[in-house]
Amino acid sequence: MTGNRPGGTVHDPHRASRPSSGHVHDRDLRRFLADSTPVAAGGRAILLQIADPAVAAGVRRHSDFARRPQQRLAHTLMFVYAVVVGTDSDAVTAVGFVNRAHRPVTGADDVDRQLWVAATLVDSALRAHELFGDPVSPARAQQVLDAYAPIATALRVPADRWPTSTEAFEQYWRDGLDRLAVTDDARGVVRDLLHPRFAPLWVRTAMPLVRIVTVGMLPAPLRAQYGFAWGPREERRFRRAVGLVRRVRAVVPGWLLRLPGPLLLRAMRRYAAQPARTRTA
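A brief look at the structure comes next. Per chain, residues are indexed from 1 in the order of the written sequence. The predicted origin of the model limits local features to residues at a pLDDT of at least 70 and limits the giving and counting of side-chain atom pairs to 80 or more, whereas totals for whole chains, interfaces and linings rest on all residues. Neither water nor hydrogens contribute to the side-chain values; these are computed over all heavy atoms in the structure.

A few points about the overall build of the chain
Heads up, the rule is: Secondary structure elements are taken from DSSP: a helix is a run of H or I of four residues or more, a strand is a run of E of two residues or more, and numbering for both begins at the N terminus. Classification of residues uses two cut-offs on accessible area relative to the type maximum, computed with a 1.4 Å probe and protein chains only: under 20% is buried, over 50% is exposed, and between them is partly exposed. By definition, residues are in contact when any of their heavy atoms lie within 4.5 Å. Here the accessible surface of atoms and residues is derived via Shrake-Rupley with a 1.4 Å probe, and residues count as covered only by protein chains that are part of the display.
When its secondary structure is counted, the chain shows 15 helices and zero strands. Across the 281 residues that make up the chain, the buried fraction comes to 47%. Taking contacts inside the chain between residues at least 6 apart in sequence as the whole, the part at least 24 apart equals 81%. Accessible surface for the chain amounts to roughly 14,000 Å². Of this, 57% is attributable to carbon and sulfur atoms.

Set out below in structure tokens:
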């Protein structure tokens with residue numbers, strides 16, 4: 001699906017990057033996509049992304065996970081919500097922010113890398129629902145794959161590069177995992193992400209749970225590449241953490257699980273309405 005990863009394929013940076021409509025008209029599917037359960041897999045998605053050396057180098061040089069890890073996660077979630085279930089205007093706004101953020105990053109227009117980034121988001125979303133919620137049927141998985149296609153095109157991936165079936169996606173995913181190589185850049189980002197020194201107290205308090213869930217959700221070979229210790233004790237802690245999240249999720253009303261999306265989109269709209277000179281990073 002992706003061609004040769006070494007060196008990648010560079011798509012025309014001047015092509016229109018406005019995604020196809022992210023509107024989802026099926027009410028049940030919209031509810032599923034708006035559910036915040038995939039937030040629990042946000043760390044997993046990032047670790048999968050930066051296991052690509054080119055992605056890791058860009059993130060390491062142009063990001064500040066050390067000081068604002070929660071803000072970086074919020075920006076990623078904002079982008080996903082805007083493109084998948086937001087309005088056309090939301091999608092255009094989010095894509096504009098991403099394009100500006102990527103402008104100084106070497107390799108940001110590399111199609112293979114951006115395809116991989118988009119793929120980690122959909123795979124992590126599906127894995128989170130399977131692990132913390134209910135089994136995802138093949139039909140639902142196909143719907144989610146289709147609904148996430150605008151994320152790839154928003155990242156300047158040509159539409160015909162996105163897998164059109166879950167079978168094609170799984171083949172692409174297996175091949176992609178085999179090509180990953182964890183570098184020192186990636187390990188540096190992980191230290192900042194999973195052991196934030198400057199994050200607010202509530203973030204640091206939650207990190208033991210975040211760490212065990214994030215590491216436990218990684219494919220075992222990748223976990224080994226990162227050098228994470230993992231044995232029977234860690235597996236038991238992971239299972240207990242999963243059970244805790246499942247129990248909490250089971251008693252949280254559906255509307256509350258879907259609340260983060262509207263809040264993030266509202267924050268994005270407010271930020272976009274500010275004069276450019278008054279915005280803060």
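What about the side chain of glutamine 49?
As for its placement among the helices and strands, glutamine 49 is situated in helix α2 (residues 42–50). In this view, glutamine 49 contacts Val55, Trp116, Val117, Thr120 and Leu121; residues no more than four positions away in its chain are not counted.

Things to note about α2
The periodicity of an α-helix, 3.6 residues per turn, causes residues three or four positions apart to be oriented the same way. Of all nine residues that make up α2, nine are buried, and the element is covered over most of its length. Among the residues making up α2, those that are buried are Gly42, Gly43, Arg44, Ala45, Ile46, Leu47, Leu48, Gln49 and Ile50.

Examining the pattern of salt bridges
So the rule is basically this: Note on definitions: salt bridges are taken to be side-chain nitrogens of Lys or Arg within 4 Å of carboxyl oxygens of Asp or Glu.
Using the criterion set out here, one finds ten salt bridges in the structure. For arginine 44, the salt bridge identified is with aspartate 123, shortest N-O distance 2.9 Å. Highlighted residues: arginine 44 in helix α2 and aspartate 123 in helix α6 (residues 111–132), separated in sequence by 79 residues. The pair arginine 44 / aspartate 123 is uniform in exposure class, with both members buried. Across the salt bridge formed by arginine 187 and aspartate 184, the nearest N and O atoms sit 3.2 Å from each other. Of the two residues, arginine 187 and aspartate 184 both sit in helix α10 (residues 184–194), three residues apart, roughly one turn of that helix. Note on aspartate 184: relative accessible area 62%, which makes it exposed.

Quick look at the side chain of serine 124
Counted only if it meets this: Pairs of N or O atoms are called polar contacts if they sit within 3.5 Å, as long as, within protein, a hydrogen donor faces a hydrogen acceptor (for residues adjacent in sequence, only side-chain-to-side-chain pairs).
Within the element layout of this structure, serine 124 appears in helix α6. For serine 124, the side chain forms a polar contact with the side chain of arginine 44, separated by 2.8 Å. If we skip the residues at most four places from it in the chain, serine 124 touches Ala41, Arg44, Ala45 and Leu48.

Examining the packing of aromatic side chains
Counted only if it meets this: Here a pair means two rings of Phe, Tyr or Trp (six-membered ring of Trp) with centres within 6.5 Å. Their orientation is stacked below 30 degrees between planes, edge-to-face above 60, and tilted elsewhere. Any Lys NZ or Arg CZ that is within 6 Å of a ring centre and within 35 degrees of that ring's normal is treated as a charge sitting over the ring.
Per the counting criterion, the structure on display carries eight aromatic pairs. On the basis of an interplanar angle of 55 degrees and a centroid distance of 6.2 Å, the ring pair of tryptophan 162 and phenylalanine 169 is categorised as tilted. A single burial state applies to tryptophan 162 and to phenylalanine 169, both of which are buried. Grouped by ring-pair contacts, the aromatic residues Trp116, Trp162, Phe169, Tyr172 and Trp173 constitute a single cluster. Its guanidinium or amino end placed over the ring of phenylalanine 32, arginine 140 lies 5.2 Å from that ring's centre, counting from NZ or CZ.

Notes on a nonpolar patch on the surface
Here is the rule: Here the term patch refers to residues with relative accessible area over 30% and no salt bridge, with like charges joined within 9 Å and nonpolar side chains (Val, Leu, Ile, Met, Phe, Trp, Tyr) within 5 Å.
Residues Trp255, Leu256, Leu259 and Leu263 make up a contiguous nonpolar surface patch of roughly 380 Å² in combined accessible area. Considering the arrangement of structural elements, one finds leucine 259 in the loop between α14 (254–257) and α15 (260–273).

A few points about the nonpolar core
What counts here: Here, nonpolar core means buried Ala, Val, Leu, Ile, Met, Phe, Trp, Tyr and Cys residues that are tied together by side-chain atoms lying within 4.5 Å of each other.
Ranked by internal contacts, the top residues of the largest apolar core, which has 68 residues, are Leu33, Phe79, Tyr148, Ile151, Trp162 and Tyr226. Residues contacting tyrosine 148, with those up to four places away along its chain left out, are Leu33, Val80, Val84, Leu121, Val122, Ala125 and Trp162. Counting residues in hydrophobic clusters, the runner-up holds nine residues, among them Phe132, Ile212, Ala241 and Val242.

Some thoughts on α6
The criterion, for reference: Multiply 1.5 Å by the residue count of a helix minus one, and that product is the helix's expected span.
Over its 22 residues, α6 runs 32 Å from end to end, which matches the ideal 32 Å to within 8%, given 1.5 Å per residue. Burial analysis of α6 places 19 of its 22 residues in the buried class, the great majority of the element. Between the side-chain oxygen at the start of α6 and the backbone nitrogen of aspartate 112 there is a gap of 3.0 Å, and the oxygen is on aspartate 110.

A closer look at the environment of arginine 156
Structurally, the position occupied by arginine 156 is in the loop between α8 (149–154) and α9 (166–178). On the accessibility criterion, arginine 156 (14% relative accessible area) is buried. Remark: the alpha-carbon pair of arginine 156 and valine 111, spanning 45 residues in sequence, is separated by 6.9 Å.

Details of the environment of aspartate 192
With respect to the helices and strands, aspartate 192 occurs in helix α10. In this structure aspartate 192 comes out as buried when scored by relative accessible area, which is 17%. Separated by 132 residues in the primary sequence, aspartate 192 and arginine 60 have C-alpha atoms spaced 9.9 Å apart.

Some points on the environment of proline 38
Position of proline 38 relative to the elements: it lies in the loop between α1 (27–34) and α2. In contact with proline 38, other than residues within four places in its own chain, are Ala125, Ala128 and His129.

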